[in-house]
Protein chains: 2
Amino acid sequence: MPVSAPGAVLRHEDWLVRRLLRHPVRIVPLGFLVAILLGTGLLMLPPATEEHRITPFLTALFTATSAVSVTGMVVVDTPDYWTPVGLVMITVLTQVGGLGILTGGTLVILLVARQLGLRNRLLVQAETAEFGIGDVRRLLLRIGLTMLVCEAVMTTVLALRFVLAYDYSPGRALWYGFFHAVQAFNNGGFSLYRDNLTGFAHDGWVTLPLAFGSIIGGLGFPALFEATRSWRRPGRWTIGTKLTVWGSLVLLAVAFAVLLAAEWSNPRTLGSLGWEGKALAAFTQDAFVRTGGFNTLDITGLDEASYPLLIALMFIGGGSASTAGGIKVATFFLLAFAIWAEVRGEPDVTVGRRRAATASQRQALTVALLSVALVVAGTVALILLTERLSYDRALFEVTSAFSTTGLSTGVAPTLPPAGQLILIALMYIGRVGTLTLGSAIALNTRRRLYRYPEEQPIVG
Amino acid sequence: MPVSAPGAVLRHEDWLVRRLLRHPVRIVPLGFLVAILLGTGLLMLPPATEEHRITPFLTALFTATSAVSVTGMVVVDTPDYWTPVGLVMITVLTQVGGLGILTGGTLVILLVARQLGLRNRLLVQAETAEFGIGDVRRLLLRIGLTMLVCEAVMTTVLALRFVLAYDYSPGRALWYGFFHAVQAFNNGGFSLYRDNLTGFAHDGWVTLPLAFGSIIGGLGFPALFEATRSWRRPGRWTIGTKLTVWGSLVLLAVAFAVLLAAEWSNPRTLGSLGWEGKALAAFTQDAFVRTGGFNTLDITGLDEASYPLLIALMFIGGGSASTAGGIKVATFFLLAFAIWAEVRGEPDVTVGRRRAATASQRQALTVALLSVALVVAGTVALILLTERLSYDRALFEVTSAFSTTGLSTGVAPTLPPAGQLILIALMYIGRVGTLTLGSAIALNTRRRLYRYPEEQPIVG
Ligand SMILES: [K+]
Ligand SMILES: [K+]
């Protein structure tokens with residue numbers, strides 16, 4: 001694959017592109033670290049808390065990390081502990097984190113593609129692998145605008161519903177609508193309700209807009225832009241977009257069926273609802289589970305069959321360069337295609353008449369296996385730190401933190417400080433890690449100076 | 001890679017080779033199935049049981065599968081339930097299973113290597129990728145002889161020890177020595193003691209010969225022959241042998257250290273022993289855990305930190321074409337090398353100045369991920385079938401069955417029939433599955449008739 005020297009085709013005014021090209025991989029993790037530390041400082045200020053005192057450092061750090069990494073896991077009860085000032089801070093941190101990963105992730109993907117001389121459809125002229133600062137500005141504007149429109153639509157629908165059906169005052173309805181709209185699009189997972197969205201499980205006017213916002217934010221802009229631009233010709237999408245869009249639909253459908261089957265007559269979740277209610281609650285929980293972090297079902301009341309499903313879905317996550325976490329839908333399905341090709345004896349991994357590069361397969365393998373190793377290590381560490389935590393609970397919380405989903409069986413507040421620090425580290429690594437690793441791997445390909453003789457060991 | 005047409009270079013008398021080449025992949029699973037069914041029939045006969053009645057089909061099937069697949073998991077108490085007649089049957093089934101996988105696995109690897117035109121050091125003239133029936137006969141004889149010598153040495157040492165230190169009668173000492181020697185070399189895991197080998201944890205004269213026999217049988221002959229033949233020049237070993245031998249040593253050392261640290265002051269395992277006793281018991285348990293299935297430590301008394309270690313070790317397993325199960329040491333370390341190369345940006349995966357073929361990497365990936373999927377599916381199925389089984393217990397038993405290790409927290413006898421059938425299926429698939437899959441993949445490579453345009457999706 002031809003790798004053009006950085007800067008070779010840059011225009012003079014491309015200072016941002018130039019800077020990103022120099023250290024494209026460092027900017028995202030550093031930016032998130034700075035945002036988390038700033039957020040921690042802000043959340044520690046007395047006006048942020050109902051008790052008007054300084055929030056302990058660890059609690060503030062956990063909450064700030066949870067907000068900036070758009071996880072939504074909590075160690076204090078969101079509506080009880082924080083004042084409106086604190087809640088606005090959380091909203092801003094979530095918005096900054098979401099926008100940061102959407103733009104940062106999209107830019108990194110764009111730049112990696114450009115540097116590797118790959119076809120990319122994010123920009124019209126990117127087909128020629130050249131772009132300038134103007135293109136990047138247009139792209140960022142477009143991302144910001146999409147975000148604003150989605151959030152405005154959700155806020156409006158929710159606010160109207162809150163006023164008309166729940167007798168909220170207009171101001172309160174607007175605030176509640178806005179808060180949850182921001183959380184939904186950014187897949188933040190914080191809620192102003194103590195029982196999260198379980199109280200609205202039957203009300204599609206509240207949960208459906210949030211579910212669709214969460215799905216759109218969790219698709220990511222590379223896939224979203226390409227899919228919407230050439231929606232008439234899905235056969236011509238790039239592999240990444242195909243895997244992300246079709247894969248997300250497959251996961252949504254499978255999880256919907258399994259959730260319905262497992263929880264149908266469970267009195268603590270779907271049991272008491274009519275069949276439309278069951279379908280609605282299962283669908284919205286399904287939409288939120290791969291990263292949204294809202295819950296319309298009581299997580300602790302779920303059937304045992306649902307836990308492995310949720311853990312697997314959280315681990316897989318959403319689209320690349322989206323507000324979703326996990327190893328990403330495209331990574332998961334690329335590996336599935338690779339295995340399928342292997343079992344069939346096909347030398348190439350083909351996805352809809354395109355061949356996936358060997359380099360991508362190895363990247364997917366690396367991201368997936370290192371993620372497994374991280375989740376296993378985190379689970380074991382959490383078990384060792386806490387006497388009474390069971391393995392399935394620990395695995396659930398660790399996967400939820402790593403995948404920045406934020407669903408919880410309520411374990412986080414009960415953890416010792418070291419355990420909370422583990423979750424903090426997992427949220428941070430889960431947010432910036434896979435993207436950074438993937439792009440670093442893609443950029444860091446060394447030239448072959450010499451090759452050793454080949455052998456083909458037989459494995460298994 | 002050149003694939004020579006089957007039979008092209010065969011001599012006329014190579015009927016065995018010819019037959020194996022025609023369906024090399026089917027012979028091993030079919031042979032094991034026949035042996036299991038025969039064993040089930042034999043074990044059902046009244047003389048096999050202390051109560052002199054017909055053993056229920058499921059119990060006999062479970063025990064026969066456990067013996068032939070050299071797992072050693074039990075649903076009835078071995079010394080209490082079976083008469084000497086039954087125990088001889090179990091010994092024969094273990095020996096048949098162990099010899100079957102050693103010879104069948106070695107032949108399959110040899111034939112795959114030959115058909116792919118690969119360098120192979122199992123036979124001297126195999127360097128030229130040609131061999132006849134005489135070579136194969138010599139190879140099989142050598143495997144059988146190594147087995148007999150190892151078992152004879154272990155039997156002798158154990159029998160002497162039993163007579164001298166435990167006052168056994170000579171006949172009893174010989175029988176106990178022989179039974180455990182056969183189990184150790186074949187990594188069968190059945191024991192004549194109700195508490196397995198925990199009663200001998202302090203006695204190296206009993207446990208060390210069994211540990212070394214288990215390690216040798218679990219290395220497999222491809223690695224064992226090459227390593228012993230050219231032990232002066234380990235740099236010239238093939239990749240498979242390097243990964244298997246050095247990888248096994250690394251795993252033994254790491255597990256030894258972790259076990260010692262985790263169990264050092266645990267009163268139910270190492271706590272009551274002196275430091276030599278601790279080291280001995282930890283080493284022997286370490287040697288048995290990747291497939292032997294004996295236990296010198298009380299499995300239910302282990303520290304919580306030891307479970308994930310044991311599960312990981314069982315899953316990795318032993319050498320290719322050995323009596324060990326799991327995904328195999330070479331598979332695991334080949335993936336580790338691939339990830340390491342990826343993170344460093346190396347285009348090639350090199351292992352000691354040799355380059356591992358891309359095909360092998362993809363095979364390793366396929367074997368590992370399908371195994372993960374199988375273990376996860378088995379664990380979930382077991383959880384759904386049993387109300388009170390915890391996830392860590394279920395995962396432990398499923399991994400133990402799949403990896404044909406046979407270590408148990410005592411769950412198997414308490415399972416409903418469907419649960420026992422799941423473990424039976426896992427033992428069978430674990431025994432023949434990875435080898436069959438790996439060789440089928442290696443042989444089934446189709447020719448490329450056309451290639452689609454390449455894309456490099458960015459993952460993570
Ligand atoms: K979330
Ligand atoms: K075993």
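Note that the structure is predicted; figures quoted are calculated from it, not measured.

1. Some details on the overall build of chain A
Part 1 of the reasoning: Of the regular secondary structure elements, chain A holds 16 helices and three strands.
Part 2 of the reasoning: Counting all 460 residues of chain A, 59% fall into the buried class.
Part 3 of the reasoning: Considering only residue pairs separated by 6 or more positions, chain A has 71% of its internal contacts joining residues 24 or more positions apart.
Part 4 of the reasoning: For chain A, the accessible area works out to roughly 18100 Å², and carbon and sulfur atoms hold 66% of it.

2. Topic: the packing of aromatic side chains
Part 1 of the reasoning: Inspection of every chain in the model, using the stated rule, returns 36 aromatic pairs over all chains.
Part 2 of the reasoning: With a centroid separation of 5.6 Å and 65° between ring planes, the pair formed by A:Trp175 and A:Phe179 is classed as edge-to-face. In this pair, A:Trp175 and A:Phe179 both sit in helix α7 (residues 170-185), four residues apart, roughly one turn of the helix.
Part 3 of the reasoning: These aromatic residues form a ring-pair network of at least three members: A:Phe162, A:Tyr166, A:Tyr168, A:Tyr176, A:Tyr193 and A:Phe200.
Part 4 of the reasoning: One residue, A:Arg142, lies across the ring of A:Phe225, its end atom 3.9 Å from the ring centre.
Part 5 of the reasoning: Taking the ring centre of B:Tyr168 as reference, the NZ or CZ of B:Arg172 above it sits at 4.2 Å.

3. Here we look at the coordination of the potassium ion (ligand 1)
All names here are of chain A.
Part 1 of the reasoning: Listed as protein donors to the potassium ion (ligand 1) are Val70 (O), Thr71 (O), Asn187 (O), Thr291 (O), Gly292 (O), Thr404 (O) and Thr405 (O); their distances from the metal cover 2.6 to 3.2 Å.
Part 2 of the reasoning: You can call Val70 buried: its relative accessible area is 0%.
Part 3 of the reasoning: The class of Thr71 is buried, set by a relative accessible area of 0%.

4. What to know about the packing of helix α13 (residues 329-344) of chain B against helix α14 (residues 358-385) of chain B
Residues and elements named next belong to chain B.
Part 1 of the reasoning: Closest axis-to-axis distance for the α13/α14 pair is 9 Å, and the angle between their directions is 120°. For the crossing formed where α13 meets α14, the hand is left-handed. Note on element contacts: α14 touches α13 through Ser360, Gln361, Ala364, Leu365, Val367 and Ala368, opposite Thr331, Leu334, Leu335 and Ala338.
Part 2 of the reasoning: Looking at the contact of α13 with α14, its residues break down into seven nonpolar, three polar and no charged.

5. Some details on the coordination of the potassium ion (ligand 2)
Residues and elements named next belong to chain B.
Part 1 of the reasoning: Only Val70 (O), Thr71 (O), Asn187 (O), Thr291 (O), Gly292 (O), Thr404 (O) and Thr405 (O) from the protein coordinate the potassium ion (ligand 2), and they sit 2.6 to 3.2 Å from it.
Part 2 of the reasoning: Written as a sequence motif, the donor residues of the potassium ion (ligand 2) are V-T-x115-N-x103-T-G-x111-T-T. Placement of the pair is Gly292 in the loop between α11 (275-289) and α12 (306-316) and Thr405 in the loop between α15 (391-402) and α16 (417-443), with a sequence separation of 113 residues. Neither residue differs from the other here; Gly292 and Thr405 are each classed as buried.

6. Concerning the side chain of A:Ser306
Residues and elements named next belong to chain A.
Part 1 of the reasoning: Position of Ser306 relative to the elements: it lies in helix α12 (residues 306-316).
Part 2 of the reasoning: Classification of Ser306 as buried rests on a relative accessible area of 0%.
Part 3 of the reasoning: Among the polar contacts listed, one links the side chain of Ser306 to the side chain of Glu263, at a separation of 2.4 Å.
Part 4 of the reasoning: When residues no more than four places from it in sequence are discounted, the contact partners of Ser306 are Leu259, Ala262 and Glu263.

7. Some points on α13(B)
Residues and elements named next belong to chain B.
Part 1 of the reasoning: End to end, α13 covers 22 Å across 16 residues, agreeing with the expected 22 Å (1.5 Å per residue, within 8%).
Part 2 of the reasoning: Within α13, the full set of buried residues consists of Val329, Ala330, Thr331, Phe333, Leu334, Leu335, Ala338, Ile339, Ala341 and Glu342.
Part 3 of the reasoning: Gly345 sits one or two residues past α13 and shows a positive phi near 80°.

8. Topic: helix α7 (residues 170-185) of chain B
Residue and element names in this part refer to chain B.
Part 1 of the reasoning: End to end, α7 covers 22 Å across 16 residues, agreeing with the expected 22 Å (1.5 Å per residue, within 8%).
Part 2 of the reasoning: Within the span of α7, buried status applies to Ala173, Tyr176, Gly177, Phe179, His180, Ala181, Val182, Gln183, Ala184 and Phe185.
Part 3 of the reasoning: Positive phi appears at Asn187, one or two residues downstream of α7, with a value of about 55°.

9. Overview of the pattern of salt bridges
All names here are of chain B.
Part 1 of the reasoning: Enumeration according to the criterion identifies 14 salt bridges over all chains in this entry.
Part 2 of the reasoning: When the shortest N-O distance is used, the salt bridge between Asp298 and Arg268 registers 3.6 Å. Residue Asp298 is found in the loop between α11 and α12, and its partner Arg268 is found in the loop between α10 (239-263) and α11; the two are separated by 30 residues along the sequence.
Part 3 of the reasoning: Residue classification places Asp298 among the partly exposed positions, given a relative accessible area of 28%.

10. With respect to the packing of α7(B) against helix α8 (residues 204-219) of chain B
Residue and element names in this part refer to chain B.
Part 1 of the reasoning: Axis separation between α7 and α8 bottoms out at 7 Å; the angle between their running directions is 35°. Here α7 contributes His180, Ala181, Ala184 and Phe185 to the contact with α8, which in turn contributes Leu210, Gly213, Ser214, Ile216 and Gly217.
Part 2 of the reasoning: Class assignment of the residues belonging to the contact of α7 with α8 gives a composition of five nonpolar, four polar and no charged.

11. Here we look at unusual backbone geometry
Residue and element names in this part refer to chain A.
Part 1 of the reasoning: Even without a glycine there, the phi angle at Asp167 is positive, about 60°.
Part 2 of the reasoning: Notably, Asn196 is not glycine yet its phi reads approximately 55°, a positive angle.
Part 3 of the reasoning: Assignment of secondary structure puts Asn196 in the loop between α7 and α8 (204-219).
Part 4 of the reasoning: Here Asn196 falls in the buried class, since its relative accessible area comes to 12%.

12. As for the nonpolar core
Part 1 of the reasoning: Membership of the largest hydrophobic core comes to 233 residues, with the highest contact counts inside it found for A:Phe162, A:Leu210, A:Leu423, B:Phe162, B:Leu210 and B:Leu423.
Part 2 of the reasoning: If sequence neighbours within four positions are ignored, A:Phe162 has contacts with A:Asp167, A:Tyr168, A:Ala173, A:Tyr176, A:Gly177, A:Tyr193, A:Phe200 and A:Val206.

13. A word on a nonpolar patch on the surface
Residues and elements named next belong to chain A.
Part 1 of the reasoning: A contiguous nonpolar surface patch, about 280 Å² in accessible area, is contributed by Leu30, Leu33 and Leu37.
Part 2 of the reasoning: With respect to the helices, strands and loops of the structure, Leu33 is situated in helix α2 (residues 24-44).
Part 3 of the reasoning: For Leu33, a relative accessible area of 37% puts it in the partly exposed group.

14. Things to note about the environment of B:Arg353
Residues and elements named next belong to chain B.
Part 1 of the reasoning: Looking at the element boundaries, Arg353 is found in the loop between β1 (350-351) and β2 (354-356).
Part 2 of the reasoning: For Arg353, a relative accessible area of 59% translates into the label exposed.
Part 3 of the reasoning: A sequence separation of 118 residues divides Arg353 from Gly235, and the C-alpha atoms of the two residues are 8.5 Å apart.

15. Observations concerning the side chain of A:Thr63
Part 1 of the reasoning: Mapped onto the secondary structure, A:Thr63 falls in helix α3 (residues 57-68).
Part 2 of the reasoning: Excluding residues that lie within four positions of it along the chain, A:Thr63 makes contacts with A:Leu43, A:Val75, A:Trp82, A:Ile90 and A:Phe190.

16. Things to note about the confidence of the model for chain A
All names here are of chain A.
Part 1 of the reasoning: Averaged over all residues, the pLDDT of chain A equals 83, while 86% of them reach at least 70.
Part 2 of the reasoning: Confidence scores differ between elements of chain A, with helix α1 (residues 15-22) showing the lowest mean pLDDT of 56 and α3 the highest of 94.
Part 3 of the reasoning: Low pLDDT (under 50) marks residues 1-13, which in the prediction has 24 contacts with non-local residues, meaning those over four places away or in another chain.

17. Details of the environment of B:Ala159
Residue and element names in this part refer to chain B.
Part 1 of the reasoning: In this fold, Ala159 is placed in helix α6 (residues 133-166).
Part 2 of the reasoning: For Ala159 and Val206, which are 47 residues apart along the polypeptide, the C-alpha to C-alpha distance reads 9.1 Å.
Part 3 of the reasoning: Once residues lying within four places of it in the same chain are set aside, the contact partners of Ala159 are Ala173 and Leu174.

Calculation rules
- For every chain, the first residue of its written sequence is number 1, and the numbers climb from 1 along that sequence.
- Key to labels: chains lettered from A, ligands numbered from 1, both in the order written.
- Given that the model is predicted, a residue must reach a pLDDT of at least 70 before its local features are reported, and side-chain atom pairs must reach 80 or more before they are shown or counted; all residues, however, enter totals for whole chains, interfaces and linings.
- Values reported for side chains reflect all heavy atoms of the structure, with hydrogen atoms and water molecules removed beforehand.
- Numbering of helices and strands starts at the N terminus; helices are DSSP runs of H or I of at least 4 residues and strands are runs of E of at least 2.
- Any residue under 20% of the maximum accessible area for its type is buried, any over 50% is exposed, and the rest in between are partly exposed; the area is computed with a 1.4 Å probe on protein chains only.
- The contact criterion used is simple: two residues touch if any of their non-hydrogen atoms lie within 4.5 Å.
- Every accessible area reported is derived by Shrake-Rupley at a probe size of 1.4 Å, with residue values counting cover from the shown protein chains alone.
- Only rings of Phe, Tyr and Trp enter the pairing, Trp through its six-membered ring, and a pair is recorded when the two centres are within 6.5 Å. The plane angle decides the type: under 30 degrees is stacked, over 60 is edge-to-face, the rest tilted.
- Counted as over-ring charges are cases with an Arg CZ or a Lys NZ within 6 Å of the ring centre that also lie within 35 degrees of the ring normal.
- For Na, K and Ca the donor cut-off is 3.2 Å, and for all other metals it is 2.8 Å, counting N, O and S atoms only; because water is absent from this set, sites may look incomplete.
- The angle between two axes is taken between their N-to-C directions and runs from 0 to 180 degrees, where each axis is a line fitted to C-alpha atoms and a helix contributes only its stretch in contact.
- Here a crossing is called left-handed whenever its near helix is offset anticlockwise from the far helix by less than a right angle, and right-handed whenever the offset is clockwise.
- In this classification, the charged set is Asp, Glu, Lys and Arg, the nonpolar set is Ala, Val, Leu, Ile, Met, Phe, Trp, Tyr, Cys and Pro, and all remaining amino acids, among them Gly, are polar.
- Here a polar contact is recorded for every N or O atom pair within 3.5 Å, except that within protein the pair must consist of a potential hydrogen donor and a potential acceptor, and residues adjacent in sequence are included only if both atoms are side-chain atoms.
- Each residue after the first adds 1.5 Å to the expected span of a helix.
- Just to be clear on terms, a salt bridge is a Lys or Arg side-chain nitrogen sitting within 4 Å of an Asp or Glu carboxyl oxygen.
- To define a nonpolar core, start from buried Ala, Val, Leu, Ile, Met, Phe, Trp, Tyr and Cys residues and group those joined through side-chain atoms within 4.5 Å.
- In this scheme, patches are assembled from residues that exceed 30% relative accessible area and form no salt bridge. Like charges are connected within 9 Å, while nonpolar side chains (Val, Leu, Ile, Met, Phe, Trp, Tyr) are connected within 5 Å.
- Per-residue confidence from the predictor is reported as pLDDT, which spans 0 to 100.

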